[in-house]
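One letter stands for each residue in the lines below.
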Amino acid sequence: MDSSYLAFHPNPSKPTFNVPPGSVDAHCHVFGPAAEFPYAPERKYTPCDAGKKQLFALRDQLGFTRNVIVQASCHGRNNDALVDALKAAGSLARGVAVVNPDITDAELSALDAAGVRGVRFNFVKRLVDSTPKSVFQGIAERIAALGWHIVVYFEAPDLKELTPFLTSLPTTVVVDHMGRPDVTKGVDHPDFQNFIRLLSENDNFWTKVSCPERLTVDGPAYDDVVPYARELVDRFPDRVLWGTDWPHPNMKSHMPDDGHLVDVIPKIATTQEKQRALLVDNPMRLYWR
Ligand code: 0GY
């Protein structure tokens, strides 16, 4: 792994918040192990191996039932580690892949059979080289025919430029990590209000109220991130997902205790009804229908 890379928490605490039965961790990754599933030559970082067995142990430790495993940029467009984890999990995991525009119908069908239900379009410049929008458009049309959806990852300053493209997509669109707001600006700032407008005006848009550890400037209590997530859960209770983001690639400030991340959930989803929608009903509708 890179010399500055932080490994995931070795011993996460048992959360004090009991998640509802059947809860889904809807954003997590598997990395390697590199000896079996080498990292992509074009990757921008080399992580610490974090394989399926460790992911499933974390799932059980946190009281979750299911995972949605998202292909990360360090594996490029080779989804072998993802597919291996999906097959090992049986019906308890679904996947989001990253694919080439020239992927064949047979390859798409094989991914679907393994449990893939979406593709990820990554616009974060430190993670990937840029892909022409026409390429993404072509992929979108192919996967729409399968009933899949699109997960998009971008940084808040890029939202304005991306909006016409994103709103042209023909499927459900899930925005990673609340569009990565700058949490020093406030929920009422035009930047976050523009993100809210995107969801208000486009009912095919969902978002993951995840990653307080990436967004915080105050540190591991994550109180500065909570109002953003709570606002989205309150406004769009049936279009929000939650995930750990384990194994937390490229964290610099600290490595979160995943048990503490789970304990943030009741602050952002403040009733049992909202918790059940966030952790069970919404991900089940999108991934296990
Ligand atoms: C995340 C985080 C990151 C990395 C990736 O595809 C990736 O490599 O997603 C990140 O560094 O922000 O949210 O999964």
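Residues numbered from 1 in each chain as written. Predicted model: local features only at pLDDT ≥ 70, side-chain atom pairs only at ≥ 80, totals over all residues. Heavy atoms only, no water.

*Asks:* Honestly, the nonpolar core in this entry has me stumped. Any pointers?
*Replies:* One recurring pattern in soluble globular proteins: nonpolar side chains tend to sit buried together. Within the largest apolar cluster, 86 residues are counted, with the highest numbers of intra-cluster contacts made by F121, L166, V209 and W242. Ranked by the residues each element gives to this core, the list is headed by helix α2 (residues 80-89), at 6 residues. With sequence-adjacent residues up to four places away left out, W242 is seen in contact with V24, D25, A26, H27, F64, V209, L261, V262, I265, I268, L278 and L279. Grouped together as the second largest cluster of nonpolar side chains are 12 residues, A26, V70, V174 and W288 included. (Core = buried A, V, L, I, M, F, W, Y, C linked by side-chain atoms within 4.5 Å. Buried < 20%, exposed > 50% of the residue type's maximum accessible area, 1.4 Å probe, protein only. Helix = DSSP H or I, 4+ residues; strand = E, 2+ residues; numbered from the N terminus. Contact = heavy atoms within 4.5 Å.)

*Asks:* Looking at this model, I keep getting lost on the packing of helix α8 (residues 226-235) against helix α9 (residues 258-268). Mind explaining?
*Replies:* Describing two packed helices takes the angle between their axes plus the distance from one axis to the other. It is at 9 Å that the axes of α8 and α9 come closest, and there the two elements cross at 55°. One element, α8, and the other, α9, form an angle in the oblique class. Viewed along their axes, α8 and α9 form a crossing whose handedness is right-handed. Along the contact surface, α8 presents V226, A229, R230 and V233, while α9 presents V264, K267 and I268. Of the residues belonging to the contact of α8 with α9, the class tally is 5 nonpolar, no polar and 2 charged. (Axes fitted to C-alpha atoms, helices over the stretch in contact; angles between N-to-C directions. Parallel < 35°, antiparallel > 145°, perpendicular 65-115°, else oblique. Left-handed = near helix turned anticlockwise from the far one by under 90°. Nonpolar A, V, L, I, M, F, W, Y, C, P; charged D, E, K, R; others polar.)

*Asks:* What's the story with the sheet that holds strand β3 (residues 93-97) in this structure? I'm lost.
*Replies:* Across a sheet, strands are paired by hydrogen bonds formed along the backbone, either parallel or antiparallel in direction. Sheet architecture is open: 8 strands sit in the order β1-β2-β3-β4-β5-β6-β7-β8, paired in parallel fashion. Each end of this open sheet is capped by a strand with a single partner; those strands are β1 (24-28) and β8 (240-241). Both β3 and strand β4 (residues 116-122) contribute to a ladder of 3 bridges, which runs parallel. Across the sheet, the residue bridging to A97 is V119, located in β4. Packing of helix α4 (residues 133-144) onto the sheet brings it into contact with β4 and β5 (149-153), and relative to β4 it is tilted by some 170°. (Pairing = 2+ DSSP bridges.)

*Asks:* Would you take a moment to explain the site of the ligand for this structure?
*Replies:* Neighbouring the ligand are 16 residues, the closest being H29, Y45, S73, Y153 and H177. The side chain of H177 places a nitrogen or oxygen atom 2.5 Å from an oxygen atom of the ligand. The fraction of the free accessible surface of the ligand (350 Å²) that becomes covered by protein chains is 100%. When each cavity is represented as a set of grid points, the ligand is found to reside in the largest cavity. (Near = heavy atom within 4 Å. Polar contact = N/O pair within 3.5 Å; in protein donor to acceptor, adjacent residues only side chain to side chain. Areas by Shrake-Rupley, 256 points an atom, 1.4 Å probe, with all protein chains shown as cover. 1 Å grid on protein atoms, 1.4 Å probe; cavity = no way out; pocket = protein on both sides within 12 Å on 5 of 7 lines; lining within 4 Å. Sits in = over half its atoms within 2 Å of the grid points.)

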